[in-house]
Amino acid sequence: MPELEHKRILLKFSGESVAGNDDHGIDPKILDDMAASVKSCKDIGAEIGIVIGGGNLFRGEKLNEAGMDRVAGDHMGMLATVMNGIALRDSLERAGIKTRVMSAISMSGIVEHYDRRLAIQLLSDGYVVIFTAGTGNPFFTTDTAGCLRAIETQAGLMLKATRVDGVYDSDPELNKEAKLFDTLSFDEAITKNLKVMDATALTLARDHKLPINVFNVTKSNALKDIICGKKVGTLIS
């Protein structure tokens, strides 16, 4: 059995990644692939928390530009993350993984309300815990929520799953000459404005010494390789 370099991790999936090749919606095959990747890590003893975005179901920017109140839009976005969390839970449970969904917004009878101490206990007991509804507050991204939940649950590493191989100096989907960074400091990521995460998330991670590994979610075994100590993607520390 491979030796774990990182036993407890926080995995951040974007909402867009759940849509697959479509612009919106939920692709069941993508969820099953995510579940298989998580299972391969659970099988070697990893403790996994997950934060998932909601951009595949709702994006408030256009409505905000059209005059919708920002707070209302952010609340709708939080609800979209809960829907994705429930869908991912279904895939994980069908893969035989014990899973609980927690929401920063109380939704009795649908998902559990977020409780830090219970979340830590569940992770220790072998459950995958999916954290939804962001931080429960408007104006904060799910990247910031991911950093916050990682710090709160004492995760040793946060992993951000993307569609590209890591952090580049420009958009690799637009610029074929874009340079991939193997490592970055938090200050470099912030000052270079590399768009990997918002400054609030990066600052929070920096202040609490939470390393972040950005990797390509479509690469087979990438998640397992990272938690076993292999260099994959870009490490921000």
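In this text the structure is predicted, and so the values were computed from the model without any measurement.

Caption draft 1: Structural context of the side chain of serine 14. Mapped onto the fold, serine 14 is located in the loop between strand E1 (8–13) and helix H1 (15–18). The exposure class of serine 14 is buried, given its relative accessible area of 19%. Not counting residues up to four positions away in its chain, the partners in contact with serine 14 are Gly53 and Ala161.

Caption draft 2: Looking closely at the packing of aromatic side chains. Per the counting criterion, the structure on display carries 1 aromatic pair. A centroid spacing of 5.7 Å and a plane angle of 80° characterise the contact between tyrosine 114 and phenylalanine 131, whose relative ring orientation is edge-to-face. In this pair, tyrosine 114 is assigned in the loop between strand E4 (112–113) and helix H5 (116–124) and phenylalanine 131 in strand E5 (residues 128–132), connecting sequence segments 17 residues apart. Looking at tyrosine 114, the relative accessible area reads 17%, which means it is buried. Assessed through its relative accessible area of 3%, phenylalanine 131 is described here as buried. Here lysine 98 stacks its cationic end above the ring of tyrosine 127, 4.6 Å away from the centre of that ring. Across from the ring centre of tyrosine 114, 3.7 Å away, lies the NZ or CZ of arginine 149, which sits over that ring.

Caption draft 3: Representation of the pairing of E5 within the structure. Across the 5 residues of E5, 5 count as buried, placing the element largely inside the fold. Burial along E5 is two-sided: Val128, Ile130 and Thr132 facing one way and Val129 and Phe131 facing the other are all buried. Across 3 bridges, strand E2 (residues 47–52) lies against E5 in parallel orientation. Looking at E5, one finds that isoleucine 50 is bridged to isoleucine 130. Both strand E3 (residues 99–103) and E5 contribute to a ladder of 5 bridges, which runs parallel. In the sheet register, arginine 100 faces E5, and the bridge partner there is valine 129.

Caption draft 4: Focus on the sheet that holds E4. Spatially, E4-E3-E5-E2-E1-E6-E10-E11-E9 is the arrangement adopted by the 9 strands of the open sheet, whose pairing is mixed. Edge positions in the sheet fall to E4 and strand E9 (183–184), since each has one partner strand and no second. The sheet strands contacting helix H2 (residues 28–42) are E1, E2 and E5, and the helix crosses E2 at an angle near 155°.

Criteria and thresholds
- Residue positions within a chain follow its written sequence, with the count starting from 1.
- For this predicted model, a pLDDT threshold of at least 70 governs which residues receive local features, and a threshold of 80 or more governs which side-chain atom pairs are given and counted, while totals over whole chains, interfaces and linings are taken from all residues.
- As a rule here, side-chain values come from all non-hydrogen atoms in the structure, and water together with hydrogens is ignored.
- Counting from the N terminus, the helices are the DSSP runs of H or I reaching at least four residues and the strands are the DSSP runs of E reaching at least two.
- Residue exposure (1.4 Å probe, protein chains only): buried if accessible area is under 20% of the type maximum, exposed if over 50%, otherwise partly exposed.
- In what follows, a contact means two residues having at least one pair of non-hydrogen atoms within 4.5 Å.
- Any two of the Phe, Tyr and Trp rings considered here, Trp counted by its six-membered ring, make a pair once their centres fall within 6.5 Å; the pair's planes then place it as stacked at under 30 degrees, edge-to-face at over 60, or tilted in between.
- The criterion for a charge sitting over a ring is simple: Lys NZ or Arg CZ within 6 Å of the ring centre, and within 35 degrees of the ring normal.
- Two strands make a pair as long as DSSP finds a minimum of two bridges between them.
- The axes are straight lines fitted to the C-alpha atoms, using for helices just the contacting stretch, and the angles between their N-to-C directions are given from 0 to 180°.

The quantities given are spatial measurements derived from coordinates; they are silent on function.
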